[in-house]
Amino acid sequence: MTTKESFTPDKDLPVLEKVEAYQSFIESEGIPIVTGFFVEDLNTLELAPWARVGGNGAYVNLDGNGGTNDAYVCEIPPGKSLNPERHMFEKLIYVLSGRGATALTQGKREQTFEWGPGSLFSIPVNAPHQHHNGSGAEPVRFVAVTSAPMVMSIFNSTRFVFENPFDFEERYTPEKHNTGDGSLWQSTTGRHVWETNFVPDVVSFKLFDLPRRGAGGSNVTFELGYNSLAAHISQFPVGTYKKAHWHGPGAHVFVLSGQGYSLLWPKDAKRTERTRVDWKPGSLVVPPKEWFHQHFNGGSSPARYLALRWGSHRFSSIAGITPDTEGADKSIEEGGSQIEYEIEDPAVLDEFEDECLKNNATPQMRSFFPARKSFTVKLPA
Ligand SMILES: [Fe+2]
């Protein structure tokens, strides 16, 4: 029985309807809003003219963001620029196609940097900026992940969000970070972290070995623009798949190269409730909060993806949102949220090997299963 049915409304009182600030805002924008938890190809997603921003756009507001962050795809027509804007939310941008430049103002400094396919950069919170298409012949298409849903639902004022003069001096990015220079760190969890504000090409960026997520995997984490939103790239070899794990909401996983699939299921679900999505470059999947997800390279070339997500290593966690990176790397047997190969459902490996053979790829996973341990943690049947 719902709450509405459990009481008799007082006909003399007006009903206090809930204001959904973010949802109302995006509905007022006049562009498509894509929902669900998977988009097969952002490159071909249908867009519509976007009066506020300029160019064409579509919101990609997938279930897995849990109302904490969002994404949109935007196209800048040949020879055009988007409208200048600033906003009190953070924004990470990954360029799908086309070439152009962004002018970014921080205090008295105005800096313009150029980008192309595969570039990743951030617009630090409330920094005035404008994007330009550098070509008179080809459109630009990029995807942005932002913290707009959370910011808008806390402040309930589009004026505060879009017309705010506050200057975040303490968050100015070093000039050299906006052209691709940066610093290499190690996180407290032992990951390699490249801190910058501009990555020229995530498709070819050098990665570092990260064996604990499984099977020959490599990785790099990005800190961008002193943001709470962060990023990482993962790559895994032909014939392999990663270990399943779960964490908080809002990890937008963009496939950069390779062909494969992901399995997703709520952490307490039965085996039969697993959902499979088949991906390729241009696909986006956002695993819902506390859903196991597991990525499989079923094709004949390495698979690489870019995740734009919460979980900065520089800034403290946001309660209830930031993924517990340490827990996500630790076995469920030890209180973490990762399923080690030895204890996963055997059907996972069987399905994967069938998929490899279908695509003329040689499965490599048997070498990672010297002996299946007996289950020490009870997994749902
Ligand atoms: Fe994940």
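Residues numbered from 1 in each chain as written. Predicted model: local features only at pLDDT ≥ 70, side-chain atom pairs only at ≥ 80, totals over all residues. Heavy atoms only, no water.

Participant: So what exactly am I meant to see when it comes to the pairing of strand β11 (residues 140–146) here?
Facilitator: Across a regular strand the side chains alternate sides, sitting on one face of the sheet and then on the other. Judged by how many residues are buried, β11 sits mostly within the fold: seven of seven residues are covered. Two elements, strand β5 (residues 70–76) and β11, share seven bridges in a ladder whose sense is antiparallel. Bridging from a neighbouring strand, isoleucine 76 pairs with valine 140 of β11. Both strand β6 (residues 91–97) and β11 contribute to a ladder of six bridges, which runs antiparallel. Following the sheet pairing, isoleucine 93 is matched in β11 by alanine 144. (Buried < 20%, exposed > 50% of the residue type's maximum accessible area, 1.4 Å probe, protein only. Helix = DSSP H or I, 4+ residues; strand = E, 2+ residues; numbered from the N terminus. Pairing = 2+ DSSP bridges.)

Participant: Whenever I open this one, the coordination of the iron ion confuses me. Can you help?
Facilitator: Around a metal, the perfect tetrahedron of four donors has angles of 109.5 degrees, and the perfect octahedron of six donors has angles of 90 or 180 degrees. Donor atoms from the polypeptide that coordinate the iron ion comprise His245 (NE2), His247 (NE2) and His293 (NE2), at 2.1 to 2.2 Å from the metal. Between the donor residues of the iron ion, the gaps in sequence give the motif H-x1-H-x45-H. One end of the pair, histidine 245, is in strand β18 (residues 244–245); the other, histidine 293, is in strand β23 (residues 291–297), with 48 residues separating them in the sequence. For histidine 245, a relative accessible area of 8% translates into the label buried. We classify histidine 293 as buried; its relative accessible area is 4%. (Donors = N, O, S within 2.8 Å, 3.2 Å for Na, K, Ca; no water.)

Participant: I would appreciate a short explanation of the domain arrangement of the protein in the present structure.
Facilitator: Interface size is often expressed as the accessible area that is lost when the parts come together. Split into domains, the protein comes out as domain 1 (21–164) and domain 2 (176–368). If you average the C-alpha positions of domain 1 and of domain 2, the two centres end up 24 Å apart. Each side of the interface is counted separately: domain 1 has 39 residues, and domain 2 has 42 residues. For the domain 1 and domain 2 pair, buried surface summed over both sides reaches about 3,200 Å², with 65% attributable to carbon and sulfur atoms. For lysine 280, the salt bridge identified is with glutamate 40, shortest N-O distance 3.9 Å. Joining domain 1 to domain 2, the criterion identifies 15 residue pairs in polar contact (both at pLDDT 80 or more). When contributions to the side of domain 1 that touches domain 2 are tallied by element, the ones reaching two or more residues are β2 (38–39), β5, β6, β7 (100–106), β8 (109–115), β9 (120–123) and β11. The element that contributes the greatest number of residues to the side of domain 1 that touches domain 2 is β8, accounting for five residues. (Domains from an automatic or database assignment. Contact = heavy atoms within 4.5 Å. Buried area = accessible area lost by both parts, 1.4 Å probe. Salt bridge = Lys/Arg side-chain N within 4 Å of Asp/Glu carboxyl O. Polar contact = N/O pair within 3.5 Å; in protein donor to acceptor, adjacent residues only side chain to side chain.)

Participant: How do you make sense of the environment of alanine 231 when you look at a structure like this?
Facilitator: Residue position: alanine 231 is located in strand β17 (residues 229–236). The spacing of alanine 231 and tryptophan 194 is 37 residues in sequence and 9.9 Å in space, taken between C-alpha atoms. When sequence neighbours within four positions are dropped, the list of residues in contact with alanine 231 reads Leu120, Val220, Thr221, Phe222, Leu224, Leu306, Ala307, Leu308 and Arg309.

Participant: What is the right way to look at the pattern of salt bridges in this model?
Facilitator: Using the criterion set out here, one finds 15 salt bridges in the structure. A salt bridge links aspartate 278 to arginine 276; the nearest nitrogen and oxygen atoms lie 2.7 Å apart. Taking the relative accessible area as the measure of exposure, aspartate 278 reaches 40% and is therefore partly exposed. Residue arginine 276 is classed as partly exposed on the basis of its relative accessible area of 30%. Between arginine 276 and glutamate 351 there is a salt bridge, with the nearest N and O atoms lying 3.0 Å from each other. One end of the pair, arginine 276, is in strand β21 (residues 275–279); the other, glutamate 351, is in helix α5 (residues 346–358), with 75 residues separating them in the sequence. You can call glutamate 351 partly exposed: its relative accessible area is 27%. Three or more residues are tied together by salt bridges with common partners; here these are Arg276, Asp278, Glu351, Glu355 and Lys358.

Participant: Looking at this structure, I do not really get the packing of aromatic side chains. What am I missing?
Facilitator: Two aromatic rings, taken as a pair, are described by how far apart their centres are and by the angle between their planes. Here the structure, examined in full by the defined rule, presents 23 aromatic pairs. Pairing tyrosine 59 with tyrosine 72 gives two aromatic rings, centres 6.2 Å apart and planes at 75°, and the pair type is edge-to-face. Pair noted here: tyrosine 59 is in strand β4 (residues 56–60) and tyrosine 72 is in strand β5, with a separation of 13 residues, a long-range link. Neither residue differs from the other here; tyrosine 59 and tyrosine 72 are each classed as buried. Grouped by ring-pair contacts, the aromatic residues Tyr241, Tyr261, Phe296, Tyr341, Phe352 and Phe368 constitute a single cluster. Above the plane of the ring of tyrosine 341 lies lysine 243, whose end atom (NZ or CZ) is 5.4 Å from the centre. (Phe/Tyr/Trp six-rings, centres within 6.5 Å; stacked < 30°, edge-to-face > 60°. Lys NZ or Arg CZ within 6 Å of the ring centre and 35° of its normal.)

Participant: I tried to follow α5 on my own but got confused; where do I start?
Facilitator: Spanning 13 residues, α5 covers 19 Å between terminal C-alpha atoms, matching the ideal 18 Å at 1.5 Å per step. Those residues of α5 that are buried are in contact with β20 (260–266), β21 and β23. At the N-terminal end of α5, a side-chain oxygen is found 3.0 Å from the backbone nitrogen of alanine 347, two or three residues along, and the residue is aspartate 345. Looking one or two places after α5, you find asparagine 360, whose phi comes out positive at around 55°. (Expected span 1.5 Å × (residues − 1).)

Participant: Where do I start with the environment of phenylalanine 236 in this structure?
Facilitator: Relative to the helices and strands, phenylalanine 236 resides in strand β17. Judged by relative accessible area, which is 1%, phenylalanine 236 ranks as buried. Spatially, the C-alpha atom of phenylalanine 236 lies 35 Å from that of alanine 103, the residues being 133 residues apart in sequence. Apart from residues lying up to four places away in sequence, phenylalanine 236 is in contact with Tyr241, Lys242, Trp279, His295, Phe296, Asn297, Pro302, Ala303 and Tyr305.

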